[in-house]
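Structural overview
Now for the letters of each chain:
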Amino acid sequence: MSIAYLNGHWSKPEDAKISVFDRGFMFGDGVYEVMPVYHGHIFTLDQHIARLKRSMAEVRIQSPLDASAWKVLLEEAVSRSGEQNALIYLQVTRGVAPRSHAFPDHHESALVVTARRLRFLQGDGVDVITIPDIRWKRCDIKSISLLPNVLGKQQAKDSGASEAWMVDSGGQVTEGTLSNAWIVTERGELITRDVSHAILNGITRQAVLRLATGAEIAFSERPFTVNEAKAAREAFITGTTVLVTPVVRIDGEPVGNGRTGEFTAKLLAFYARHMDNQGKET
Ligand code: PDD
């Protein structure tokens with residue numbers, strides 16, 4: 001069942017209503033998180049809460065809850081939804097105020113949480129296209145202002161692809177519109193872009209890097225060019241909604257043999273097992 005929480009009240013999502021003067025609605029003045037619920041447990045919950053707190057601090061939005069209350073609220077969202085596999089969406093905005101760009105003198109942050117059923121599907125390879133990265137210079141903040149991402153994802157869809165990899169002015173891939181980008185070079189080097197203001201430090205990205213470290217798989221966190229990606233042996237994307245998804249074509253050109261790579265297939269299975277185990281442990 002889908003449920004919503006809005007500023008202290010639980011309801012069906014369609015019954016939760018916000019003011020037209022909510023600054024999230026007016027200015028995109030807010031931050032968000034998307035979390036996976038797997039076997040009834042919120043996977044990597046602490047990391048999502050930590051990133052949310054960082055995003056709020058970076059844009060000076062007051063936390064609407066005390067540190068300890070986040071977990072309680074999110075776990076209540078899962079139990080109220082009654083779902084074992086679900087997606088939690090959480091958004092904090094700078095609240096309601098007459099429209100004026102500068103912050104209101106005092107603000108009461110608005111908090112929205114929704115939970116809805118999601119079956120996490122893994123497996124089939126996808127196509128990506130490459131597009132210029134036209135976003136702002138603080139992509140490390142999980143801002144709800146997502147217009148460039150929306151346009152990029154739609155461009156991918158219009159071209160029959162699943163995701164768009166955004167490319168900076170130096171020809172280096174930053175990330176996908178809703179995922180982080182990875183390649184495995186011909187020499188077997190696992191690469192994803194290093195953390196900076198140019199990308200969102202994905203929680204899935206961090207989990208994969210931890211798994212790689214644990215399994216003694218060498219990796220480099222560094223930028224890579226579109227040409228490097230096209231010459232790669234394998235490519236994949238990571239994110240809460242896509243988990244680990246193989247990329248089999250870039251701009252219509254096959255990556256490797258145009259099928260899911262061996263490394264990616266293993267990683268995908270490994271990641272699925274990791275999610276399973278975490279679900280059982282907690
Ligand atoms: N997006 N990069 C961008 C631009 C993203 O929007 C996301 C996630 C990621 C992957 O981050 P994580 O592994 O923490 O999900 C990378 C979410 C899922 C969304 O907007 O729906």
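Residues numbered from 1 in each chain as written. Predicted model: local features only at pLDDT ≥ 70, side-chain atom pairs only at ≥ 80, totals over all residues. Heavy atoms only, no water.

Moving on to the packing of helix 2 (residues 45-58) against helix 3 (residues 69-81). Two packed helices can be described by the angle between their axes and the distance between those axes. Two elements in contact, helix 2 and helix 3, have axes separated by 11 Å at closest approach and are oriented at 120 degrees. Relative to helix 3, the element helix 2 lies oblique. Where helix 2 crosses over helix 3, the handedness of that crossing is right-handed. Along the contact surface, helix 2 presents L45, D46, I49, L52, K53 and M56, while helix 3 presents W70, K71, L74 and E75. (Axes fitted to C-alpha atoms, helices over the stretch in contact; angles between N-to-C directions. Helix = DSSP H or I, 4+ residues; strand = E, 2+ residues; numbered from the N terminus. Parallel < 35°, antiparallel > 145°, perpendicular 65-115°, else oblique. Left-handed = near helix turned anticlockwise from the far one by under 90°. Contact = heavy atoms within 4.5 Å.)

This part covers a nonpolar patch on the surface. Together, I18, V20, F21, F25, M26 and V96 make up an exposed nonpolar region whose accessible area comes to about 560 Å². As for its position among the elements, F25 is in helix 1 (residues 23-27). A residue is classified by how much of its surface remains accessible, and F25, at 56% relative accessible area, is exposed. (Patch = residues over 30% accessible without salt bridge, like charges linked within 9 Å, V, L, I, M, F, W, Y side chains within 5 Å. Areas by Shrake-Rupley, 256 points an atom, 1.4 Å probe, with all protein chains shown as cover. Salt bridge = Lys/Arg side-chain N within 4 Å of Asp/Glu carboxyl O. Buried < 20%, exposed > 50% of the residue type's maximum accessible area, 1.4 Å probe, protein only.)

The subject of this paragraph is the packing of aromatic side chains. Inspection of every chain in the model, using the stated rule, returns five aromatic pairs. Plain terms: the ring middles of Y5 and W10 are 5.0 Å apart, the flat faces sit at 65 degrees to each other, and that makes the pair edge-to-face. Owing to a relative accessible area of 11%, Y5 belongs among the buried residues under this scheme. A cation sits over an aromatic face here: R94 above F103, 3.6 Å from the ring centre. (Phe/Tyr/Trp six-rings, centres within 6.5 Å; stacked < 30°, edge-to-face > 60°. Lys NZ or Arg CZ within 6 Å of the ring centre and 35° of its normal.)

Let us now look at the environment of S19. Tracing the chain through its elements places S19 in the loop between strand 2 (9-11) and helix 1. Taking the C-alpha atoms as reference, S19 lies 9.3 Å from A97; in sequence the two are 78 residues apart. Of the polar contacts made by the side chain of S19, one reaches the backbone nitrogen of F21; its length is 2.8 Å. (Polar contact = N/O pair within 3.5 Å; in protein donor to acceptor, adjacent residues only side chain to side chain.)

Next up on the list: the side chain of T185. Mapped onto the elements of the fold, T185 is located in the loop between strand 10 (180-184) and strand 11 (190-192). Its relative accessible area of 12% is what places T185 among the buried residues.

Positionally, T238 belongs in strand 13 (residues 234-239). What makes T238 buried here is its relative accessible area of 1%. There is a polar contact of 2.9 Å between the side chain of T238 and the side chain of W182. Those residues in contact with T238, other than ones at most four positions away along the chain, are S179, N180, W182, T204, R205, V208, L243 and V244.

Moving on: helix 3. The first and last C-alpha atoms of helix 3 sit 18 Å apart over 13 residues, in line with the 18 Å expected at 1.5 Å per residue. Of the residues flanking the end of helix 3, it is G82, one or two places downstream, whose phi is positive at about 70 degrees. (Expected span 1.5 Å × (residues − 1).)

This paragraph deals with the sheet that holds strand 4 (residues 41-42). Taken together, six strands build an open sheet; the order of strands is 2-1-6-5-3-4 and the sheet is antiparallel. The open sheet terminates on both sides in strands that have one partner only, identified here as strand 2 and strand 4. Pairing analysis gives eight bridges linking strand 5 (residues 86-93) to strand 6 (residues 110-117), with the strands arranged antiparallel. The residue bridging L90 from the neighbouring strand is V113, located in strand 6. Sheet strands in contact with helix 2 are strand 3 (30-38), strand 4 and strand 5, and its direction is about 175 degrees off that of strand 3. (Pairing = 2+ DSSP bridges.)

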